[in-house]
Amino acid sequence: MKKRLLVVTTGGDCPGLNAVIRAIVKRAARESNWEVLGSIEGYHGMLQEPLQLVLLDSNKVSGIHVMGGSIIRTTNKGGPFNWPVKNPDGSWITVDRSDELIRRLQYQNIDAVICIGGDGSQRISQQLFEKGVNIVGVPKTIDNDLLCTDLTFGFQTAVEVATDAVDKLVTTATSHSRTMILEVMGRDAGWIALNAAVAGGAHIVLIPEIPYDVQKVIAKIEERQEASKDFAIIVIAEGAKPIGGEVTGSKSTQAGYENLILGGIGHKLMGDIKKHLDIEMRVTILGHLQRGGIPTAYDRILATQFGVKAFEMVQEERFGEMVALKNHDITSAPITEAIAQMNLVDPKNYLQKTAREIGICLGD
Ligand code: F6P
């Protein structure tokens with residue numbers, strides 16, 4: 001009987017998920033003793049009745065490396081350890097279905113699992129590993145906030161989208177003499193904002209790691225006005241906040257969705273600037289445009305390497321580890337190390353220093 005590998009994509013989607021799936025399947029097809037299955041919508045496919053599993057063979061994955069999204073779908077609502085259940089009165093609770101998941105994996109003769117997911121997903125991977133599941137992680141997130149890997153796939157694509165938005169805002173800002181605010185993704189880490197600001201030549205960048213002083217932002221706009229520059233570009237991460245303030249967002253009403261839905265800090269910033277400066281401003285929220293669409297060549301290549309490595313780690317029984325990119329080499333690290341902290345923009349980070357050295361204001 002063939003060995004069975006289960007692939008799951010969990011958490012928010014990310015350009016390059018399909019390229020990882022394709023690489024795993026193509027690499028596995030070179031071995032005669034493995035077959036690959038996908039669980040639909042993360043672990044939900046394994047926990048639903050009837051099971052929602054799909055055989056992933058070479059035909060199924062042909063050409064999918066250029067596609068955004070995940071052919072096996074994904075979810076960031078609930079999981080095996082906090083499965084949402086509706087009470088008769090309509091309220092929701094979450095229950096631990098991890099033991100049931102493990103029984104189902106055994107019943108389906110699943111020998112190993114590859115989980116393609118971000119920090120929350122890899123926390124689940126670690127918990128499952130501690131309960132005896134043979135699991136390998138692949139780091140995914142446009143936010144690039146996972147430790148132990150120099151980059152996650154999907155990040156470069158998001159930076160391209162955000163930079164393209166900055167470039168476009170520059171042209172309209174100059175023709176109208178406006179200050180434009182671009183709100184980009186980045187819940188805890190400001191990597192997308194910082195990279196897009198440097199690449200696009202923004203004047204101000206505000207990131208979650210550095211609570212901003214609105215007076216510093218105003219001073220930078222005034223500095224430009226004094227130099228007869230009548231437009232300005234501000235890039236702000238969705239997770240940024242003013243000094244002493246909170247992040248801007250709303251609570252989700254969806255069962256199992258634990259995060260705050262971030263969004264709106266750009267409008268808040270515009271309101272705060274306008275209290276002091278009478279200038280024309282507009283806000284653009286880039287949102288999920290950063291997560292959809294065709295992955296860049298770089299992300300496809302990285303994702304493909306991650307997929308091949310993940311399968312080989314399964315063969316080598318390197319369970320409880322995550323694929324990683326380190327110094328241009330594809331390697332691995334214990335999942336525990338990858339989830340110990342978040343990969344945040346460090347004060348000593350050279351890109352942050354570069355931004356400051358070329359005159360970009362970071363709001364501090
Ligand atoms: O984690 C990646 C991310 O893009 C965050 O930057 C963002 O806050 C979140 O996903 C939004 O996810 P969703 O809208 O799918 O719940």
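Residues numbered from 1 in each chain as written. Predicted model: local features only at pLDDT ≥ 70, side-chain atom pairs only at ≥ 80, totals over all residues. Heavy atoms only, no water.

Asker: Residues and numbers for the pattern of salt bridges, please.
Answerer: Scanning the entire structure with this criterion turns up 21 salt bridges. We note a salt bridge from arginine 291 to aspartate 13, for which the minimum N-O separation is 2.9 Å. Of this pair, arginine 291 sits in the loop between strand S13 (281–285) and helix H10 (297–315) while aspartate 13 sits in the loop between strand S1 (3–9) and helix H1 (17–29), and the two are 278 residues apart along the sequence. On the accessibility criterion, arginine 291 (18% relative accessible area) is buried. Here aspartate 99 and lysine 131 are joined by a salt bridge, their closest N and O atoms 2.7 Å apart. Here aspartate 99, found in helix H4 (residues 98–107), pairs with lysine 131, found in the loop between helix H5 (119–130) and strand S7 (135–139); they are 32 residues apart in sequence, far enough to count as distant. Judged by its relative accessible area of 44%, aspartate 99 is partly exposed. Here the residues in one salt-bridge network are Glu49, Arg97, Glu100 and Arg104, joined through shared partners. (Salt bridge = Lys/Arg side-chain N within 4 Å of Asp/Glu carboxyl O. Helix = DSSP H or I, 4+ residues; strand = E, 2+ residues; numbered from the N terminus. Buried < 20%, exposed > 50% of the residue type's maximum accessible area, 1.4 Å probe, protein only.)

Asker: Tell me about the sheet that holds strand S8 (residues 179–184), and please be specific about residues and values.
Answerer: Spatial ordering of the open sheet is given by S9-S10-S8-S13, a layout of 4 strands whose pairing is parallel. The open sheet terminates on both sides in strands that have one partner only, identified here as strand S9 (204–206) and S13. Sheet twist, expressed as the average angle between the axes of neighbouring strands with direction ignored, equals 15°. Across the sheet, helix H8 (residues 214–226) touches S8, S9 and strand S10 (232–237), and the angle it forms with S9 is around 165°. Strand contacts of helix H9 (residues 265–274): S8, S9, S10 and S13, with the helix running at about 165° to S13, the strand carrying the most contacts. (Pairing = 2+ DSSP bridges. Axes fitted to C-alpha atoms, helices over the stretch in contact; angles between N-to-C directions. Contact = heavy atoms within 4.5 Å.)

Asker: Talk me through the packing of helix H7 (residues 191–200) against helix H12 (residues 350–357); I want residue IDs and the actual numbers.
Answerer: Axis separation between H7 and H12 bottoms out at 10 Å; the angle between their running directions is 40°. Compared by their axis directions, H7 and H12 come out oblique. Like other packed secondary-structure pairs, H7 and H12 cross with a definite hand, here left-handed. Residue-level contacts link Leu194, Asn195 and Val198 of H7 to Leu351, Gln352 and Ala355 of H12. For the contact of H7 with H12, a count of residues per class yields 4 nonpolar, 2 polar and no charged. (Parallel < 35°, antiparallel > 145°, perpendicular 65-115°, else oblique. Left-handed = near helix turned anticlockwise from the far one by under 90°. Nonpolar A, V, L, I, M, F, W, Y, C, P; charged D, E, K, R; others polar.)

Asker: Mind laying out the domain arrangement of the chain, listing which residues take part and the relevant values?
Answerer: Taken domain by domain, the chain comprises domain 1 (3–153 + 295–338) and domain 2 (157–291). Domain 1 and domain 2 are separated by 32 Å when their C-alpha centres are compared. Carbon and sulfur atoms supply 54% of the area that domain 1 and domain 2 bury against each other, a total of about 1400 Å² over both sides. Counting the surface domain 1 buries against domain 2, the share from its top three residues, Lys77, Ile142 and Asp143, is 38%. Between domain 1 and domain 2 we count 1 salt bridge in total. Applying the counting criterion to the domain 1 and domain 2 interface returns 6 residue pairs in polar contact (both at pLDDT 80 or more). Among the residues forming the side of domain 1 that touches domain 2, the class breakdown is 6 nonpolar, 6 polar and 5 charged. (Domains from an automatic or database assignment. Buried area = accessible area lost by both parts, 1.4 Å probe. Polar contact = N/O pair within 3.5 Å; in protein donor to acceptor, adjacent residues only side chain to side chain.)

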